[in-house]
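Each chain, written out:
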Amino acid sequence: MKRIAAILLVAMLFFGAMGVWYNRNISSAVQADTQRQAIPVEVGDIVSSVSATGNLEAEDEIELSFEMTGIVEEVFVKRGDEVNAGDPLAKLNTTSLELAVAKAEVSLDDAKTELAQTQNDIDADDLASARAALASAQAKYDALLAGSTEDEITVAAADLRKAEVTLQDAQGAYDRVAYKGGVGASSEAIALQEATIDHASALANYNIAVAAATDEDLKSAEADIASAEATLNNLLQGASDEEIALAESAVKTAQLSLDSAMRDLEEATLYAPMDSTVTAVNIQKGERTTESSGDGNVAIVLTILDPLHIDIEVDEIDVPLIDVGQPAVISVDALPDETLSGSVDEIAPAPVSVGDGIVSYEVSVTLNEQHAKARPGMTANVEIEASRREGVVLVPSSCVQIDETSGQTYVEKRGADGTAIRTEVTLGERSGQSIEVTSGLQLGDEVFVPESDLTPQATGESSSGNAGNAGGIPMMGGGPPPQ
């Protein structure tokens, strides 16, 4: 009996000690979890971007040079000046060029005089008048042969009838006042006289319209044609066609020489072909220029600084993510406290470089606004916004772990009692230090930072939520790839 009591006592002491040990361990686990940092799950936007580095470049640049040798007489601009299209930039001494123009003008006048003499000093107006007289005489003769048309006869008859009616009315009005003294000066008398003249004219026109042309009329018209031809031939007489052609050719040659001399005079001044900024002036007053034959002879460089753009090389894997018009953020090394905005302007259809298994394409990003301190050549980092998803569940990517055995991604979610609960999650896009969770978590949940990210003083033994986590991989900063 005493032996049984002793056994029971030992058993009670053993289970009591086990209970104390268990409670202490559970309490220690809970205490360890409550000491770990728990981060609330957030809802926000996730942005996927493509980044690359390039240099700011000008929209367009043109190098201007003189096309002739000469002495620089004047430079109208300096580096940094803003110019408009058509503004003069620099000028050579033009004394010899102006003399060449004057000589060419004299040569042209001489050639024209020679042509006039070859043509027997034919006056252009007289020649035109003679040709017009011949054409008129020929037209009159053709009209006589053709005779009047039915329409012309109808019009003439109508005009005659109107004249008869007018004459009758005028006669009646005159007869009513004929008894009065001084009737000859009355308005009725004047109207009767005018109506009589109009009637006679209409009658004559009608007779002409209905009458056929007589031999006499035709002979008279033929005589007019012969007279006009003789006048024209007399004006043209005295030079052969070949002689006139040579004189005309001399005039054309002289005109070409004048045009060339005037063009040389115009090219002695450089003009701005576009609205731009002067970025280089390589000449000065008094120096001699040489004909343009290379970069060493560039006189003035003009650049369009607004807008600037950056040409970057993007890996073939990222190119499908980029579209024209997508926004971009540009950070310039020389402007560390500012960021510039831009957009994708062009994507090269063919690769710009292929080497060592790497294929890249050139993407051009244009700044939305010109920055006063931005200059071509500055190093710029470009981040193109490839996609944006709004209102998604986000957690720090450092809170996501991977099971080394199964490859499943999971987080340690804070339970109601404060302990960590392993929760498998499905991931989406990642941006910076945040990653999207498409399933497994919701707003209001909290997740623990992995124990490997905590200081030794803040760590404790794992609870049941860490069971099977021997192969877990804490995601430091970047997080796992989206699944």
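The rules behind each value
Residues numbered from 1 in each chain as written. Predicted model: local features only at pLDDT ≥ 70, side-chain atom pairs only at ≥ 80, totals over all residues. Heavy atoms only, no water. Helix = DSSP H or I, 4+ residues; strand = E, 2+ residues; numbered from the N terminus. Buried < 20%, exposed > 50% of the residue type's maximum accessible area, 1.4 Å probe, protein only. Contact = heavy atoms within 4.5 Å. Areas by Shrake-Rupley, 256 points an atom, 1.4 Å probe, with all protein chains shown as cover. Salt bridge = Lys/Arg side-chain N within 4 Å of Asp/Glu carboxyl O. Pairing = 2+ DSSP bridges. Phe/Tyr/Trp six-rings, centres within 6.5 Å; stacked < 30°, edge-to-face > 60°. Lys NZ or Arg CZ within 6 Å of the ring centre and 35° of its normal. Polar contact = N/O pair within 3.5 Å; in protein donor to acceptor, adjacent residues only side chain to side chain. Expected span 1.5 Å × (residues − 1). pLDDT = per-residue confidence, 0-100. Core = buried A, V, L, I, M, F, W, Y, C linked by side-chain atoms within 4.5 Å. Axes fitted to C-alpha atoms, helices over the stretch in contact; angles between N-to-C directions. Parallel < 35°, antiparallel > 145°, perpendicular 65-115°, else oblique. Left-handed = near helix turned anticlockwise from the far one by under 90°. Nonpolar A, V, L, I, M, F, W, Y, C, P; charged D, E, K, R; others polar.

Across its full length, the protein carries 7 helices and 23 strands. Counting over 483 residues, the protein shows a buried share of 32%. A sequence separation of at least 24 residues applies to 78% of the contacts in the protein between residues at least 6 apart. Summed over all atoms, the accessible surface of the protein reaches about 28,900 Å², with 52% contributed by carbon and sulfur.

To continue, consider the pattern of salt bridges. For the structure shown, the criterion picks out 8 salt bridges. In this structure, the salt-bridge partner of Arg-388 is Asp-45, at a minimum N-O distance of 3.9 Å. Placement of the pair is Arg-388 in strand E16 (residues 379–396) and Asp-45 in strand E2 (residues 42–57), with a sequence separation of 343 residues. Residue classification places Arg-388 among the partly exposed positions, given a relative accessible area of 42%. By relative accessible area, which is 39% here, Asp-45 ends up partly exposed. Here Glu-385 ties to Arg-388 by a salt bridge, and the two come within 3.0 Å at their closest N and O atoms. When salt bridges with common partners are traced through the structure, they connect Asp-45, Glu-385 and Arg-388 into a single cluster.

Let's shift gears to the sheet that holds strand E3 (residues 60–64). Read from one edge of the open sheet, 4 strands run E3-E10-E8-E5, paired in antiparallel fashion. Looking at the sheet topology across the chains shown, the edges are occupied by E3 and strand E5 (82–83).

Once that is clear, we can look at the packing of aromatic side chains. Inspection of the entire model under this criterion finds 0 aromatic pairs. Seen from the ring of Tyr-410, Arg-422 lies directly overhead, with NZ or CZ sitting 4.0 Å from the centre.

Right, let's talk about unusual backbone geometry for a bit. Here the bond from Asp-306 into Pro-307 is cis, since omega is 5°, no more than 30 degrees from zero. Positionally, Pro-307 belongs in the loop between strand E10 (300–304) and strand E11 (309–315).

By the secondary structure assignment, His-309 is in strand E11. There is a polar contact of 3.5 Å between the side chain of His-309 and the backbone oxygen of Ala-58. What His-309 contacts, discounting residues up to four positions off in sequence, is Asn-55, Leu-56, Glu-57, Ala-58, Glu-59, Ser-364, Val-365 and Thr-366.

So, about helix H7 (residues 241–267). Between its terminal C-alpha atoms H7 stretches 39 Å, which fits the 39 Å expected from 27 residues at 1.5 Å a residue. Among the residues of H7, Ile-244, Ala-247, Val-251, Ala-254, Leu-258 and Ala-261 are the ones counted as buried. Against helix H2 (95–118) lie the buried residues of H7.

Attention shifts here to helix H4 (residues 150–175). Look at H4: 37 Å from first C-alpha to last across 26 residues, which is about the 38 Å you get at 1.5 Å a residue. Turning to H4, its buried residues are Ala-156, Leu-160, Ala-163 and Ala-170.

Time to look at the confidence of the model for the protein. Looking at the protein as a whole, the pLDDT averages 81, with 81% of positions reaching at least 70. Of all the helices and strands in the protein, strand E23 (residues 473–474) carries the lowest mean pLDDT, 35, while strand E6 (residues 88–92) carries the highest, 94. Low confidence marks residues 26–32, where pLDDT is under 50. Its contacts with residues over four positions away, or in another chain, come to 7 contacts. Across residues 454–483 the pLDDT falls below 50, and counting only partners more than four positions away or on other chains, this stretch makes 77 contacts in the model.

Time to look at the nonpolar core. Leu-56, Ile-330 and Ile-384 are the most contacted members of the largest nonpolar core, which has 28 residues in total. Those elements giving two or more residues to this core turn out to be E2, E11, strand E12 (327–332), strand E13 (339–347), strand E15 (358–367) and E16. Here this core takes 5 residues from E15, the largest share from any one element. In this structure, Ile-384 is in contact with Ser-48, Ser-49, Val-50, Ile-312, Ile-322, Gln-326, Pro-327, Ala-328, Val-344, Val-363 and Val-365, ignoring residues within four places of it in sequence. Residues Phe-66, Met-68, Val-83 and Ile-300 belong to the second largest nonpolar core, which totals 19 residues.

In regular strands, side chains alternate between the two faces of the sheet. When E2 meets E16, the two strands line up antiparallel, connected through 13 bridges. Paired with Val-50 across the bridge in E16 is Ile-384. The pairing of E12 with E16 spans 5 bridges and is antiparallel. When the bridges of E16 are listed, Ser-331 appears paired with Asn-381. Here 3 bridges tie E16 to strand E21 (residues 434–439), and the two strands are oriented antiparallel to one another.

Interaxial distance between H2 and H7 falls to 8 Å at its minimum, and their mutual angle equals 165°. Between H2 and H7, the angle falls in the class roughly antiparallel. Note that H2 runs across H7; the crossing there is left-handed. Partitioning the contact of H2 with H7 into residue classes produces 16 nonpolar, 4 polar and 6 charged.

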